[in-house]
Amino acid sequence: KPELLKEGIPVLTDGSSSSSGKKISRRPEGTTHQQRHITARPEGCNVIFVSGVSKHIEDKHMEDLFKDCGEISEIRWIFDRNTGNFKQCGCVEFINEDSVDLAMAKAGEYVLGNPIRINYAKPKGRR
């Protein structure tokens, strides 16, 4: 897992806080973040690929961000196979396919100060 937060809770511009006490922020007022090209949802897709996350991210941050999208079955973080370094991306798997469409709307949201990018994950074997 990525290293845990060691010093306090990140401060959000809107002053809100999540149930975990760790901050998930919305776009700071007056700023925007462009989402890269989004692929069409593959048939049967219930997994999203999330990138651009902070090196301090924890499962709870993703659970808080996607809590209104549907039930998450698994969160997998991606590490470099040679160095073991966290690649600041991962996959979030939902129980239902409809949840990924709701989760896609969260693209560009700021989590721990980073605007996250979201795309539908490609099915295994088609990468």
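Note that the structure is a prediction, hence the values are computed from the model and not measured.

Participant: So what exactly am I meant to see when it comes to the sheet that holds strand β2 (residues 47-51) here?
Facilitator: As a general point, the strands of a sheet are linked pairwise by backbone hydrogen bonds and lie either parallel or antiparallel. What the 4 strands build is an open sheet, ordered β3-β4-β2-β7; its pairing is antiparallel. Two strands in the sheet have a free side with no partner beyond their single neighbour: β3 (72-79) and β7 (117-120). Strand-to-strand, the axes of this sheet are offset by a mean angle of 25°, without reference to chain direction. Bridge count between β2 and β7: 4 bridges; the pairing is antiparallel.

Participant: Explain the environment of N46 to me, please; I cannot follow it from the model alone.
Facilitator: Locating N46 in the fold gives a position in the loop between β1 (24-25) and β2. Considering only alpha carbons, one finds N46 and S99, 53 residues apart in sequence, at a separation of 7.2 Å. Apart from residues no more than four positions distant in its own chain, N46 is found in contact with V92, E93, F94, I95, N96, E97 and V100. Looking at N46, its side chain comes within polar contact range of the main-chain oxygen of F94, at 2.7 Å.

Participant: Help me out: how do you make sense of the nonpolar core in this one?
Facilitator: When a protein is soluble and globular, its nonpolar side chains tend to lie buried together. Grouped together as the largest cluster of nonpolar side chains are 23 residues, with contacts concentrated most on I48, V50, M62 and F66. Among the secondary structure elements, those contributing two or more residues to this core are β2, α1 (59-65), β3, β4 (86-94), α2 (98-104) and β7.

Participant: Mind showing me how you'd approach the packing of aromatic side chains here?
Facilitator: Here a ring pair, both rings aromatic, is described through the centre-centre distance and the interplanar angle of the planes. Under the defined criterion, the tally for this structure stands at 3 aromatic pairs. The interplanar angle of 85° and the centroid separation of 5.9 Å between the aromatic rings of F66 and F94 together place this pair among those described as edge-to-face. Separated by 28 residues along the polypeptide, F66 in the loop between α1 and β3 and F94 in strand β4 bring together distant segments of the chain. As far as burial versus exposure is concerned, F66 and F94 are alike and both buried. Taken together, a centroid distance of 5.8 Å and an interplanar angle of 85° make the contact between W77 and F86 edge-to-face. Across the pair, exposure class does not vary: W77 and F86 are buried alike.

Participant: So what exactly am I meant to see when it comes to the confidence of the model for the protein chain here?
Facilitator: Any region with low pLDDT has predicted coordinates that should not be read closely. Predicted confidence across the protein chain gives a mean pLDDT of 78, with 67% of residues reaching 70 or more. Across residues 1-27, where pLDDT falls below 50, the model places 56 contacts with residues more than four positions away in sequence or in other chains. Contacts of residues 29-34 to residues separated by more than four positions or lying in other chains number 6 contacts, the stretch itself having pLDDT below 50.

Participant: Where do I start with the environment of V111 in this structure?
Facilitator: With respect to the helices and strands, V111 occurs in strand β5 (residues 110-111). It is 8.2 Å that separates the C-alpha atoms of V111 and I57, two residues lying 54 residues apart in sequence.

Participant: Teacher, can you tell me more about unusual backbone geometry here?
Facilitator: What is expected of a backbone is that most residues other than glycine have negative phi and most peptide bonds are trans. If you check the backbone angles, Q88 has positive phi at about 60° while not being a glycine. Residue position: Q88 is located in strand β4. For Q88, a relative accessible area of 32% translates into the label partly exposed. In this model, L112 sits at a positive phi of 55°, which is unusual for a non-glycine residue. As for its placement among the helices and strands, L112 is situated in the loop between β5 and β6 (114-115). The class of L112 is buried, set by a relative accessible area of 12%.

Criteria and thresholds
Residues numbered from 1 in each chain as written. Predicted model: local features only at pLDDT ≥ 70, side-chain atom pairs only at ≥ 80, totals over all residues. Heavy atoms only, no water. Pairing = 2+ DSSP bridges. Helix = DSSP H or I, 4+ residues; strand = E, 2+ residues; numbered from the N terminus. Axes fitted to C-alpha atoms, helices over the stretch in contact; angles between N-to-C directions. Contact = heavy atoms within 4.5 Å. Polar contact = N/O pair within 3.5 Å; in protein donor to acceptor, adjacent residues only side chain to side chain. Core = buried A, V, L, I, M, F, W, Y, C linked by side-chain atoms within 4.5 Å. Buried < 20%, exposed > 50% of the residue type's maximum accessible area, 1.4 Å probe, protein only. Phe/Tyr/Trp six-rings, centres within 6.5 Å; stacked < 30°, edge-to-face > 60°. pLDDT = per-residue confidence, 0-100.

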